[in-house]
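Residue-level structure breakdown
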Amino acid sequence: MDGMDNPEGPVPDCGEGRHDASLPLPAAFLEFLSENGLDPAVYSMAATIPRYIRLKPGMESQIAEIEGELKCGLQKVSWLPGFYAIPPETQIAGSKAYQQGKIYGIDAASGAAILALDVRPGDHVLDLCAAPGAKLCMLADILGGTGSLTGVDVAKHRLSACRTMLQKYSLGDRTRLFVADGTLFSILPVNSNLRRMEGPVDLKEDVSTFSEWSSRRSWKDRQKAKKANATGSQHPLASSEPELIYYGKHSGLVGLRKSDVLCPTADDEACTSGYDKVLVDAECTHDGSIKHIQKFEFWGWKTLDRRVLDAERTDNLLQLQLHLLTNGFRLLKTGGSLVYSTCSMTVAQNENVVRQFLSTQPSAELQKIDLSDSWPCRSGGIPKTLRFDPATSQTSGLFVAKFSKLPT
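Residues numbered from 1 in each chain as written. Predicted model: local features only at pLDDT ≥ 70, side-chain atom pairs only at ≥ 80, totals over all residues. Heavy atoms only, no water.

Below, the discussion takes up the overall build of the protein chain. Of the regular secondary structure elements, the protein chain holds 14 helices and 14 strands. Expressed as a percentage of contacts within the protein chain between residues at least 6 apart in sequence, the contacts between residues at least 24 apart total 77%. Looking at the protein chain as shown, the accessible area adds up to about 18500 Å², and 52% of this sits on carbon and sulfur atoms. (Helix = DSSP H or I, 4+ residues; strand = E, 2+ residues; numbered from the N terminus. Contact = heavy atoms within 4.5 Å. Areas by Shrake-Rupley, 256 points an atom, 1.4 Å probe, with all protein chains shown as cover.)

Here it is in structure tokens:
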């Protein structure tokens, strides 16, 4: 749920897109960095860090054409298949390649977190903090015509943007999207135990089933939305049921009873029928996303105080991160893998969360990420965890930890 894979941030160009290397960081933010042992010098590196794009598989023959549209060369990222580096000032949203779904913006470190999951054909994958959608698209690309992908986010407007992305890149066929609190979400992947409507129907039962998804909302849904708008409700309440806002033709839902699909899971059920892979790219202070911090120069540094430095918000974030990680792990199948990541560079939101989680989860074990042997990253403060940062990786900052679920 980080800001790194946003295709076009709302920052105006300064000197044809180049920003002043000596960004005037406010005293309060410098104090935040000092308290967390972080070097403010990394924020002077924005002009030297490339922008990264991912090429939709099958578009390799059109690289020369895309270079012409973007007016720059695409430099292949040797350690990350399908990724290309372009100059940081390059804008992609106006290009045909972007508009036609041939490329999308995603930081290379975020791409590495996806590859760390080691998604295989046929896997059922859960992205518990799915917005704004680039990582979701990459997961769908990797799955291809197999398995299933479930995206969850608490913010409906952001998840709606994910839906638009999936449709734009023709990647939504096996995907379903739920507006829900990721700390409470408890719907398992579709499996063979769920019944499709066949044979005679008992009219006394609730026989409401999923037909093919349509962007046209039913009268009941329109009334529910109208009621929500009237009460000023922007996000679902913690106790409310998840809202399914999209499902693909081959997501496995068509023909199933809604009551069966939307039924919350019992804790032990997930061990055998849960997700094969879970991504928890948790909400954080975004301090590792250099370009995100840069935007506060235009948004106003007071906004930074409210969104990053507020002590109460930070304390709440730490609890949110732990609860997201814990719930994601609860929904993981025994033998499955979970990747936890944040674009914060602080120990509090990364290693400390991991330590706290491991102390309460005897079936959780940190896994070595084998691919990382060829990645330009360094070890985190706990063995087997990874850290990407501008100086080491030429990417935004990202912490990555991978867990496996052992039999209990």
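After that view of the structure, there is still more to cover.
Its place among the elements puts Thr 285 in the loop between β9 (275–281) and α10 (290–299). Look at Thr 285 and you get buried, because its relative accessible area is 0%. Polar side-chain contacts of Thr 285 include one of 2.8 Å to the side chain of Gln 349. When sequence neighbours within four positions are dropped, the list of residues in contact with Thr 285 reads Phe 32, Val 308, Thr 314, Leu 317, Ser 344 and Gln 349. (Buried < 20%, exposed > 50% of the residue type's maximum accessible area, 1.4 Å probe, protein only. Polar contact = N/O pair within 3.5 Å; in protein donor to acceptor, adjacent residues only side chain to side chain.)

A word on the environment of Glu 69. Among the secondary structure elements, Glu 69 is positioned in helix α2 (residues 63–70). Beyond its immediate stretch of four places on either side in the chain, Glu 69 contacts Ser 95, Lys 96 and Ala 97. Of note is the side chain of Glu 69, whose polar atom sits 3.1 Å from the backbone nitrogen of Lys 96.

A few words now on the pattern of salt bridges. Applying the stated rule across the entire model yields 14 salt bridges. Measuring nitrogen to oxygen at the nearest pair gives 3.8 Å for the salt bridge that ties Glu 65 to Lys 102. Of this pair, Glu 65 sits in helix α2 while Lys 102 is found in the loop between α3 (96–99) and β4 (103–105), placing the two residues 37 residues apart along the sequence. Looking at Lys 102, the relative accessible area reads 9%, which means it is buried. Across the pair Lys 135 and Asp 281 runs a salt bridge whose closest N-O atoms are separated by 3.2 Å. Remark: Asp 281 occurs in strand β9 and Lys 135 occurs in helix α5 (residues 134–143); sequence separation between them is 146 residues. The pair formed by Lys 135 and Asp 281 is uniform in burial state, with each residue classed as buried. Taken together, the shared-partner salt bridges connect Arg 54, Lys 56 and Asp 141 into one network. (Salt bridge = Lys/Arg side-chain N within 4 Å of Asp/Glu carboxyl O.)

What follows deals with the packing of helix α1 (residues 27–35) against helix α11 (residues 301–309). One can describe the packing of α1 onto α11 by two numbers: an axis separation of 10 Å at closest approach and a directional angle of 25°. Taken as axis vectors, α1 and α11 run roughly parallel relative to one another. Contact residues: Ala 28, Phe 29 and Phe 32 in α1; Leu 304, Asp 305, Val 308 and Leu 309 in α11. Taken together, the residues that form the contact of α1 with α11 break down as six nonpolar, no polar and one charged. (Axes fitted to C-alpha atoms, helices over the stretch in contact; angles between N-to-C directions. Parallel < 35°, antiparallel > 145°, perpendicular 65-115°, else oblique. Nonpolar A, V, L, I, M, F, W, Y, C, P; charged D, E, K, R; others polar.)

What follows concerns the packing of aromatic side chains. According to the stated counting rule, one finds 11 aromatic pairs in the structure shown. For the pair Phe 329 and Phe 357, a centre-to-centre distance of 5.4 Å together with 80° between the ring planes defines the contact as edge-to-face. With Phe 329 in helix α12 (residues 311–330) and Phe 357 in helix α13 (residues 351–360), the pair connects residues that are 28 residues apart, well separated along the chain. Grouping residues by exposure puts Phe 329 and Phe 357 together as buried. The ring of Tyr 98 is capped by Lys 168, whose NZ or CZ atom sits 3.4 Å from the centre of that ring. In this structure, Lys 258 packs its charged tip against the face of Phe 210, placed 5.6 Å from the ring centre. (Phe/Tyr/Trp six-rings, centres within 6.5 Å; stacked < 30°, edge-to-face > 60°. Lys NZ or Arg CZ within 6 Å of the ring centre and 35° of its normal.)

The next point concerns the sheet that holds strand β1 (residues 51–55). Pairing in this open sheet of four strands is antiparallel, and the strands run β2-β3-β1-β4 from one edge to the other. Each edge of the open sheet carries a strand with a single partner, namely β2 (75–76) and β4. Where α5 meets the sheet, its contacts fall on β1, β3 (83–86) and β4, and the angle it forms with β4 comes to roughly 140°. (Pairing = 2+ DSSP bridges.)

Further remarks concern the side chain of Lys 402. As for its position among the elements, Lys 402 is in strand β14 (residues 398–405). Buried and without a salt bridge, Lys 402 has Asp 118 as its closest oppositely charged side chain, separated by 5.1 Å. Aside from chain neighbours lying at most four places away, what touches Lys 402 is Ala 116, Leu 117, Asp 118, Ser 337, Leu 338, Val 339, Glu 365, Leu 366, Gln 367 and Ile 369. (Lys, Arg positive; Asp, Glu negative; His and termini not counted.)

Looking now at the confidence of the model for the protein chain. With 85% of its residues at a pLDDT of at least 70, the protein chain reaches an overall mean of 86. For residues 2–21, every residue scores under 50 in pLDDT, and the model assigns this stretch 50 contacts once sequence neighbours within four places are set aside. Low pLDDT, under 50, characterises residues 195–201; the stretch is placed with 14 contacts to residues that sit more than four places away or in other chains. (pLDDT = per-residue confidence, 0-100.)

Moving on: α10. Turning to α10, its buried residues number three or more, namely Ile 290, His 292, Ile 293, Gln 294, Lys 295 and Phe 296. The elements touched by buried residues of α10 are α1, α11 and α14 (390–393). Just downstream of α10, Gly 300 is the residue with a positive phi angle, here 110°.

A few words on the nonpolar core. Counting residues in each nonpolar core, the largest one holds 62 residues, and the members touching the most others are Ile 103, Trp 375, Phe 388 and Val 400. Ranked by the residues each element gives to this core, the list is headed by α5, at seven residues. Apart from residues lying up to four places away in sequence, Ile 103 is in contact with Ile 53, Arg 54, Leu 55, Ile 66, Leu 70, Ile 92, Ser 95, Ala 97, Tyr 98 and Tyr 169. Formed by 31 residues, the second largest nonpolar core is a distinct cluster that contains Leu 324, Leu 338, Phe 357 and Ala 401. (Core = buried A, V, L, I, M, F, W, Y, C linked by side-chain atoms within 4.5 Å.)

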